[in-house]
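Breakdown of the fold
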Amino acid sequence: MGEAVKIPVTGESEYCVTVGRGILDRVPEALGDRVAKVLIVHTATVGKLADELRSSLQRRYGQVLLAEVPDAEAAKRVEVAAFCWQIMGQADFTRTDAVIGLGGGAVTDLAGFVAATWLRGVRLVQIPTTVLGMVDASVGGKTGINTAEGKNLVGCFYAPSAVLCDLELLDTLPRNEILAGFAEVAKCGFIAEPEILDLIEADTARATDPASPEFQRLIELAIGVKARVVSEDFREGGLREILNYGHTLGHAIEHAERYQWRHGVAIAIGMMFAAELGRMAGSLSDEAVERHRRVLSLLSLPLSYPAGRWPGLLATMQRDKKARAGMLRFIVLDEIGKPRVLAGVDESVLHFAYQEIAS
């Protein structure tokens, strides 16, 4: 396995995403010398790791506290954020103190939101422990929580000081979690980096094995795509919108499933829908649509959703934060690696595209 690789994120806020194995000893360097108190936001799943990290940091920092939060999307509620704020308030956290997000994408979303809103912003270090967290949620500075009306409707842009992606943390991750996270890896292949698709198609087993060099290469490529996009468009004013490929329908499916589905599972269906929509828009070839189907199938990800759920999905999409002036916007492809915005699509066309993936 190669050395740890640093991927820079530039633009409005500059920091590095470090990818490698056994790199958690770099946490103090990421926190810096001015920090006195640290809050580690984590789930019970990584409780042992959180305890070990606290023990190692207590030798250097005055106070290291733990905030155990619910798993997955249940963490992204205002009540959970308030719980974290309460811990920080009782410990007199100041602007020179720090928050660490240790866990999957939901935890890093929450930790980022907590750090951004406490005293209008304290230092943030993200340590993602899932594939999804490494390639998507922890990189780019999007933070947020959910409401009853939809996913990530409350949030802000807030860049971390550093992101540490220790691939050793994935060695014991259940395979279905790895494959679900690979939906976001594949997304980066579809919108910008075809080498990702080539590696998955060449040998899916090695591509999805955290101990393989191919796996590290894929994680680096996916993070590189997001880093380049975010560096140019931190606040999603233009280019960054391409990262929403598959997400408009995918988020509606997550909402319909009461956030019990893994994010990547819903996004996989969303990408199949976007591919069909791109084909109907007259831009995406049959072979490119079939490549979506092939790659997602190799990753054991779903390609369809029940036909009768369309009315509810449409209503949720119309409330989505990606809609503008009541007009739905979708990212579609002209070809693999060439995304664009498709706006103002007639509902009949959307329905017809949905029928192509309906079960």
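What you see is a predicted model, and the numbers here were worked out from it, not measured in a lab.

Any two aromatic rings considered together are summarised by their centre-to-centre distance and by the angle between their planes. A full pass over the atoms with the stated rule returns six aromatic pairs. Seen in terms of ring centroids, Trp261 and Tyr305 are 5.6 Å apart; in terms of plane orientation they differ by 85°. Their pairing is edge-to-face. Taken together, the residues Trp261 in the loop between helix 10 (247–256) and helix 11 (263–280) and Tyr305 in the loop between helix 12 (286–298) and helix 13 (310–319) connect sequence positions 44 residues apart. For the ring pair Phe273 and Trp310, a centre distance of 6.2 Å and an interplane angle of 40° mean the geometry is tilted. Highlighted residues: Phe273 in helix 11 and Trp310 in helix 13, separated in sequence by 37 residues. As far as burial versus exposure is concerned, Phe273 and Trp310 are alike and both buried. An aromatic cluster is defined as three or more aromatic residues linked by ring pairs; in this entry it consists of Phe273, Trp310, Phe330 and Tyr354.

Taken residue by residue, helix 14 (residues 347–355) has Leu350, Ala353 and Tyr354 as its buried positions. Along the axis of helix 14, the buried residues cluster in a sector spanning 100°; they form a single face. Against the buried residues of helix 14 lie helix 10, helix 11, helix 13 and strand 10 (329–335).

Moving on, we come to the packing of helix 6 (residues 175–191) against helix 11. Close contact between helix 6 and helix 11 brings their axes to 6 Å; oriented N to C, the two are set at 35°. For the pair helix 6 and helix 11, the sense of crossing is left-handed. Each of Ala180, Ala183, Glu184, Lys187 and Phe190 in helix 6 lies in contact with helix 11, whose residues at this interface are His263, Gly264, Val265, Ile267, Ala268 and Met271.

The subject of this paragraph is helix 13. Among the residues of helix 13, Trp310, Leu313, Leu314, Thr316 and Met317 are the ones counted as buried. The arc that holds every buried residue of helix 13, seen down its axis, measures 165°, which confines them to one face. The secondary structure elements touched by the buried residues of helix 13 are helix 10, helix 11, strand 10 and helix 14.

This paragraph deals with the pattern of salt bridges. The final tally for this structure, using the stated rule, is 24 salt bridges. In this structure, the salt-bridge partner of Arg291 is Asp198, at a minimum N-O distance of 2.8 Å. Taken together, the positions of Arg291 in helix 12 and Asp198 in helix 7 (residues 194–202) put the pair 93 residues apart, joining distant regions of the chain. Put simply, Asp198, Glu201, Glu287, Arg291 and Arg294 are held in one network by salt bridges that share partners.

All right, on to the sheet that holds strand 4 (residues 63–69) then. Reading across the sheet, the seven strands line up as 1-2-9-6-5-3-4 and stay open at both edges, with mixed pairing between neighbours. A single partner strand is all that each edge strand has here, and the edge strands are strand 1 (5–9) and strand 4. Here the strands of the sheet are splayed against their neighbours by 15° on average, with no regard to which way each runs. Strand direction decides the pairing type here: strand 1 and strand 2 (residues 15–20), joined by five bridges, are antiparallel. Residue pairing for strand 2: Lys6 is matched across the bridge by Thr18. Sheet strands in contact with helix 2 (residues 47–58) are strand 3 (37–43), strand 4, strand 5 (98–103) and strand 6 (123–128), and its direction is about 170° off that of strand 3. The strands that helix 4 (residues 105–117) touches are strand 3, strand 4, strand 5 and strand 6; relative to strand 5, the one it contacts most, it runs at about 170°.

To continue, consider the domain arrangement of the chain. Per the domain assignment, the segments making up the chain are domain 1 (5–170) and domain 2 (175–209 + 212–356). Taking the mean C-alpha position of each, domain 1 and domain 2 sit 26 Å from one another. Each partner contributes to the interface: domain 1 provides 35 residues, whereas domain 2 provides 29 residues. For the pair domain 1 and domain 2, the summed buried area comes to about 2,900 Å², and 65% of that belongs to carbon and sulfur atoms. If you sort the residues of domain 1 by the area they bury against domain 2, Val135, Lys151 and Phe157 come out on top, with a joint share of 22%. Summed over the shared surface of domain 1 and domain 2, the number is one salt bridge. Lys226 is the salt-bridge partner of Asp136, the closest N and O atoms lying 2.9 Å from each other. If you look at where domain 1 meets domain 2, you find six residue pairs in polar contact (both at pLDDT 80 or more).

Cut-offs used in this document
- Residues numbered from 1 in each chain as written.
- Predicted model: local features only at pLDDT ≥ 70, side-chain atom pairs only at ≥ 80, totals over all residues.
- Heavy atoms only, no water.
- Phe/Tyr/Trp six-rings, centres within 6.5 Å; stacked < 30°, edge-to-face > 60°.
- Helix = DSSP H or I, 4+ residues; strand = E, 2+ residues; numbered from the N terminus.
- Buried < 20%, exposed > 50% of the residue type's maximum accessible area, 1.4 Å probe, protein only.
- Arc of directions from axis to C-beta.
- Contact = heavy atoms within 4.5 Å.
- Axes fitted to C-alpha atoms, helices over the stretch in contact; angles between N-to-C directions.
- Left-handed = near helix turned anticlockwise from the far one by under 90°.
- Salt bridge = Lys/Arg side-chain N within 4 Å of Asp/Glu carboxyl O.
- Pairing = 2+ DSSP bridges.
- Domains from an automatic or database assignment.
- Buried area = accessible area lost by both parts, 1.4 Å probe.
- Polar contact = N/O pair within 3.5 Å; in protein donor to acceptor, adjacent residues only side chain to side chain.

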